[in-house]
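Close look at the chain arrangement
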Amino acid sequence: MIRLSKSFVSQAEIDSVTEVLKRGFLGMGDEVRNFEDELAAYIGITDVVCVNTGTAALQLALQAADIRAGDEVLVPSLTYVASFQAVTASGAVPIACDVRESDGLLDLDDAERRITKKTRAIMPVHYASFLGDIDSVYGFARKHQLRVIEDAAHAFGCTHNGRRVGSFGDIVCFSFDGIKNITSGEGGAVVSADRALMDKVRDARLLGVERDSERRYQGERSWEFDVTSQGWRYHMSDVMAAIGRVQLRRFESELAPKRITLAHHYRDKLTGVPKIRLLTNNASGVVPHIFPICVLGGRRNEVRSALESAGIQTGIHYLPNHLLTYFSGSRQSLPVVERLYSELLTLPLHPRLEVADCDKVVEVISETLKN
Ligand SMILES: *Cc1c(COP(=O)(O)O)cnc(C)c1O
């Protein structure tokens, strides 16, 4: 069986978690603070706030940016439902936008048509770890006076024009769930150079208790405090951070190169295979979280079944969110993303996969499409 995705945890993570468990303090303390400092150093920014999921990171980022009930947030429909749920959790309305055929990223022309007086933010999604023309997204945001919340759940460790994702821009959110580029079991992080915003995120992750993070890092708690805004219990625990810290240490040497090598190999082998279209998202600096391809001619499901019969798991990233009941409000049709959805097929990609596994995957695809 070749799995679509898989966590890659070594003895070092097990040892690190065991040490935390033996210390007998499982909450948010030193381990989280160290993980945040190490993430900040790696990304090249001063401030990182860790939370318990990537979805929570997005929600708190929106809340801290003062996005609230009635506000509209532009989001590409081709994303995990987490992006949309984070917007509704903040009280705002996600406005589903179409995507570009070539790479599945937000189509700014379509987004522009959906601007209203209520539009307050735009949430580009770095689909398959590609940032596309993120500079144009920032130009668009300046023009329309929008906050930018980057859903960088796929893009941890990527660079764009030599700059690390998170080291530039407005607000950037990462996910460390079990199968992302690095994992802390579950987890996420908000990154921004906006100090006031980061203070709000820091308080909001601990039920809105003012400056509780500082105290917890000193092994203390706040007993007398004030609360001035809605908070949530979204902080990260030391157990999670213990996994994340080791993953971060292994990222450049082990995890990232493996993902890059496998994706390059798929590309080489699939180039020229009839009925296969590769997305144009293979820029340098991409550390691919997933490897989606397009199967043309209405043959996606046939290829998917053949792979399944050969013991190869595949995925479909993603069912467009505007087709989900909860988000279908305006019932508009988004032609590009709907067509893409019928063609997309995500091939196995994770650091435990071998080049020979990719060869097997490509062989089944080529054989199926021969006839
Ligand atoms: C994984 C993911 C998220 C949410 O992250 P969690 O840590 O699972 O909550 C958000 N957006 C996208 C595109 C994702 O892939």
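Cut-off values and rules
Residues numbered from 1 in each chain as written. Predicted model: local features only at pLDDT ≥ 70, side-chain atom pairs only at ≥ 80, totals over all residues. Heavy atoms only, no water. Helix = DSSP H or I, 4+ residues; strand = E, 2+ residues; numbered from the N terminus. Rg over C-alpha atoms; globule rule 2.2 N^0.38 Å. Buried < 20%, exposed > 50% of the residue type's maximum accessible area, 1.4 Å probe, protein only. Contact = heavy atoms within 4.5 Å. Areas by Shrake-Rupley, 256 points an atom, 1.4 Å probe, with all protein chains shown as cover. Lys, Arg positive; Asp, Glu negative; His and termini not counted. Charge placed at Lys NZ, Arg CZ, Asp CG, Glu CD. Arc of directions from axis to C-beta. Near = heavy atom within 4 Å. Polar contact = N/O pair within 3.5 Å; in protein donor to acceptor, adjacent residues only side chain to side chain. Nonpolar A, V, L, I, M, F, W, Y, C, P; charged D, E, K, R; others polar. Salt bridge = Lys/Arg side-chain N within 4 Å of Asp/Glu carboxyl O.

1. Some details on the overall build of the protein
- A tally of regular secondary structure across the protein gives 12 helices and 12 strands.
- The C-alpha radius of gyration computed for the protein amounts to 21 Å, which stays within 12% of the reference 21 Å derived for 371 residues, consistent with globular compactness.
- With respect to the principal axes defined by its C-alpha atoms, the protein has extents near 70 × 55 × 35 Å.
- Looking at the protein as a whole, 57% of its 371 residues qualify as buried.
- Restricting to contacts in the protein with at least 6 residues of sequence separation, those with at least 24 account for 71%.
- Of the roughly 15,600 Å² of accessible surface on the protein, a fraction of 49% belongs to carbon and sulfur atoms.
- The positive charge centre, built from 44 side chains, and the negative charge centre, built from 48, are 2 Å apart in the protein.

2. A closer look at helix α11 (residues 335-343)
- Regarding α11, the residues found buried are Val 336, Val 337, Leu 340 and Glu 343. One face of α11 carries all of its buried residues, which in axial projection span an arc of 120°.
- Against β10 (276-278), β11 (291-295), α10 (300-309) and β12 (344-347) lie the buried residues of α11.

3. Some words on the site of the ligand
- Around the ligand, the structure places 16 residues, and the nearest of them are Gly 54, Thr 55, Asp 151, Ser 175 and Lys 180.
- At 3.0 Å from an oxygen atom of the ligand is found a side-chain nitrogen or oxygen belonging to His 154.
- Ser 175 places a polar side-chain atom, nitrogen or oxygen, 2.7 Å from an oxygen atom of the ligand.
- Within the complex, 94% of the 380 Å² of free accessible area of the ligand lies under protein.
- Where the shell around the ligand is concerned, the elements lending two or more residues are α3 (54-64) and α4 (81-89).
- Among the residues forming the shell around the ligand, the class breakdown is 5 nonpolar, 8 polar and 3 charged.

4. A closer look at the pattern of salt bridges
- All told, the structure shown has 30 salt bridges when counted by the stated rule.
- The closest approach of N and O atoms between Arg 113 and Asp 110, which form a salt bridge, is 3.5 Å. On the criterion of helical spacing, the pair formed by Arg 113 and Asp 110 is a turn pair, its members being 3 residues apart in helix α5 (residues 108-113).
- Look at Asp 110 and you get buried, because its relative accessible area is 6%.
- Two residues, Glu 254 and Arg 250, come together in a salt bridge whose shortest N-O distance is 2.9 Å. With Glu 254 and Arg 250 both in helix α9 (residues 238-270), this residue pair falls 4 residues apart, about one helical turn.
- The exposure class of Glu 254 is partly exposed, given its relative accessible area of 33%.
- Judged by relative accessible area, which is 7%, Arg 250 ranks as buried.
- Linked by salt bridges that have partners in common, Glu 19, Arg 23, Glu 31, Glu 38 and Arg 245 make up one network.

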